[in-house]
Amino acid sequence: MNFVDVWNSSSYNAAAFLIALTSIFYTLLRGRTARKQNKLFIMIIFAILLSSICATASIFSEAAIPYDEGAKKVIYVVEYLYFIGHTALGPLMFYYSLYVCDADEDIGNRAKYLLLLPGLIAEVLVLINPFTHLVYYIDDHYHFQRGPLEVVLYLMAGFYAVFSAVILFRYRKTTSFERKVSVVCFYGLTAAGMLVQMVTKTVRLELFAEALSVMGLMFSVENEDSGIDLTTGVRNRDALKNDLERYFGRERPFEIIAVRLMDVVTLQRIMGFSGFDAVPCMVAEYLKSIHPAIHIYRAAPEVFLLVIPREGGKAEILKNKIIGRFAHSFRYYSFEGMLRYYLIHARVPEDLNSLSELLLTADLPIPASVPSHILEGENLSYLLRNAALEKAIRESDANHSLYVEYLDIYDTVTGEVASREATLLLKDEKLGVVYPEEFLPVARQCNKMEELGKLLLGTAFRDFGENRDQDPTAKRLNVNLFSVFLAEEDLGSLLRAECRENNVRPEDVTIEITESDAADNRETVKSAISELREMGFKVALDDYGAGYSNIQEMFMLPFDEVKLSGGLLAEAGKNAVSDAVLESNVAMLRRMGFPIMAEGVDTEEQARIVKKLSVDYYQRTYQGGAA
């Protein structure tokens with residue numbers, strides 16, 4: 001046999017070697033080695049790699065016998081190693097199928113061991129073959145010959161193929177189409193190669209077919225790039241949805257921990273462009289140090305979600321570790337500080353029983369009224385309430401559940417009503433009356449702010465125009481301008497139309513812009529304020545003291561007055577620190593020449609405090625009832 005014939009005989013095996021080598025290189029290069037299925041996949045590739053090397057070496061050794069006596073020994077060794085590695089492929093592929101379908105936990109350890117028995121029997125037959133020659137033997141001419149029990153290896157492979165098909169069928173609803181097709185193709189190609197090789201020994205196609213199918217698995221199942229968040233290295237939202245669908249489909253209990261970072265945008269402004277993703281990356285690196293990255297998901301830009309099996313109180317341990325870590329500062333180059341966060345711990349299905357409910361932990365805003373930054377058990381009711389809020393907002397047009405109520409603003413000196421603020425409220429049969437600080441964040445998530453903002457402006461201007469002549473207390477109107485309108489080019493046209501249609505003079509209206517909107521869109525707000533003032537409106541900074549805005553930059557904006565957040569007044573009179581904070585803010589605003597209004601005056605004591613501080617106006621809390 002000349003070299004060309006030898007090469008032609010080994011070409012399929014050489015191709016299998018190159019494909020397997022490429023697959024192992026790509027898999028290790030991409031770092032896809034964390035899951036159990038990844039480890040089994042690598043073992044499958046190594047088994048094919050070993051088999052292809054041995055099969056090629058056997059062909060060349062057989063051809064070299066006339067020239068080198070040592071080639072005879074090589075044939076015995078490589079055939080033995082070939083059968084050891086190749087026999088392991090059946091059970092390896094079966095267990096790989098278990099993990100791909102997420103069926104391993106349902107099978108149970110005893111069943112796993114029993115299902116391993118055929119593979120062990122076949123492997124033992126191969127291991128003792130040098131003494132029994134029952135699987136194969138090398139004849140006097142040093143040619144490979146099949147033994148009487150080689151059929152056992154094929155039966156074993158068929159056994160695992162059948163059971164893999166059963167697994168795929170049983171878990172068809174919780175396994176993606178790509179995964180199912182890839183596993184079926186592996187067995188299909190392998191079976192085709194085996195049949196060809198059983199019929200014609202000279203066509204060595206089996207390894208080549210297996211290598212091709214493994215490469216298919218690598219690209220369709222093992223390649224998880226589309227499910228990875230490239231910034232943090234954990235899994236992304238698409239991967240979360242896919243995995244959760246399988247978790248719920250299996251109907252097995254598990255737990256989740258969601259970590260919601262509260263200051264990411266603010267810190268990004270402080271740290272600049274170079275630190276844009278610094279906070280999420282810092283948190284992701286810490287989470288990966290306590291939990292496998294394959295079970296950590298970046299569910300939203302500022303939300304990480306951990307999926308945890310229900311075993312040994314592991315979720316409780318992780319929760320306490322995270323709370324302990326966040327009790328200390330984080331460091332990134334020149335930045336060092338504490339991170340505000342919410343931690344949500346829930347059991348599935350006891351606390352959350354659907355995919356949509358679970359995703360609420362990442363998507364829905366957390367109301368300011370939530371008393372703790374650790375949310376679990378009964379405290380998780382806010383999620384379902386927010387879901388109900390979202391539904392109520394989406395159906396508000398049909399149910400006519402949104403209406404405008406007016407809050408009186410009093411002159412501190414005279415005690416008379418100086419103005420009235422229009423406030424948008426939501427009234428729902430199940431939820432009752434809901435105030436804007438709770439439902440507006442949800443409305444923002446629903447992209448309903450423009451619709452709600454136009455409803456508020458239109459109703460407020462109409463009512464003010466109609467009631468001004470009949471009601472002597474209706475001297476001025478205060479109304480909030482939602483951030484969605486700040487950048488609109490036709491803002492002036494919108495307000496002019498409202499004034500014209502409702503017979504309202506701009507100089508009788510104060511437009512309020514919240515501190516958070518002013519901080520997030522300073523240049524846009526500056527332009528909007530200038531336009532509003534040119535039209536004759538007064539412009540007030542609303543909710544001052546509630547956020548983390550830069551004071552110097554904030555008051556470079558041309559506001560006409562400042563409205564103190566109710567949070568500054570809430571603790572007034574209760575402790576020296578709160579009194580000092582309130583007094584210093586009022587004194588600073590006084591020196592800057594701003595008229596001051598205090599909101600959230602709930603008690604006579606608070607009314608006395610604002611009068612003592614010479615605040616110009618104060619606003620009582622909600623009176624109830626629709627206007």
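Right above here is the structure, for reference.
This structure is a prediction, so every number in the text was calculated from the model and none was measured. (Residues numbered from 1 in each chain as written. Predicted model: local features only at pLDDT ≥ 70, side-chain atom pairs only at ≥ 80, totals over all residues. Heavy atoms only, no water.)

Visitor: Explain the pairing of strand 4 (residues 296-300) to me, using residue names and the numbers behind them.
Guide: For strand 4, a buried count of five out of five residues is recorded, marking the element as mostly surrounded by other parts of the structure. By the bridge criterion, four bridges tie strand 4 to strand 5 (residues 303-309) in an arrangement that is antiparallel. Bridging across to strand 5, Ala-300 finds its partner in Val-303. Where strand 4 folds back on strand 5, the antiparallel hairpin that results is connected by two residues. (Buried < 20%, exposed > 50% of the residue type's maximum accessible area, 1.4 Å probe, protein only. Helix = DSSP H or I, 4+ residues; strand = E, 2+ residues; numbered from the N terminus. Pairing = 2+ DSSP bridges.)

Visitor: Quick rundown of the side chain of Ser-164? Include the residues and the values.
Guide: Tracing the chain through its elements places Ser-164 in helix 8 (residues 150-170). Residue classification places Ser-164 among the buried positions, given a relative accessible area of 0%. In this structure the side chain of Ser-164 is engaged in a polar contact, spanning 2.8 Å, whose partner is the backbone oxygen of Tyr-160. (Polar contact = N/O pair within 3.5 Å; in protein donor to acceptor, adjacent residues only side chain to side chain.)

Visitor: With reference to specific residues and values, describe the packing of aromatic side chains.
Guide: Inspection of every chain in the model, using the stated rule, returns 13 aromatic pairs. Relative to Phe-83, the ring of Tyr-82 has its centre 5.4 Å away and its plane inclined at 80°; by these criteria the two rings are edge-to-face. Geometrically, the ring pair formed by Phe-94 and Tyr-95 is edge-to-face, given 5.2 Å between the ring centres and 75° between the ring planes. Accessibility assignment for this pair places Phe-94 and Tyr-95 in one class, buried. Connected via pairs of aromatic rings, a cluster forms that spans Phe-94, Tyr-95, Phe-159, Tyr-160 and Phe-163. Seen from the ring of Tyr-286, Arg-325 lies directly overhead, with NZ or CZ sitting 6.0 Å from the centre. (Phe/Tyr/Trp six-rings, centres within 6.5 Å; stacked < 30°, edge-to-face > 60°. Lys NZ or Arg CZ within 6 Å of the ring centre and 35° of its normal.)

Visitor: Describe the pairing of strand 17 (residues 596-601), listing the residues and the values that go with them.
Guide: Among the six residues in strand 17, five count as buried, and that is most of the element. Bridge count between strand 16 (residues 561-564) and strand 17: three bridges; the pairing is parallel. Within strand 17, the residue paired with Val-562 across the bridge is Ile-596. Pairing of strand 17 with strand 18 (residues 617-620) involves three bridges; the strand directions are parallel. Residue pairing in the sheet places Ala-598 in a bridge with Tyr-618 of strand 18.

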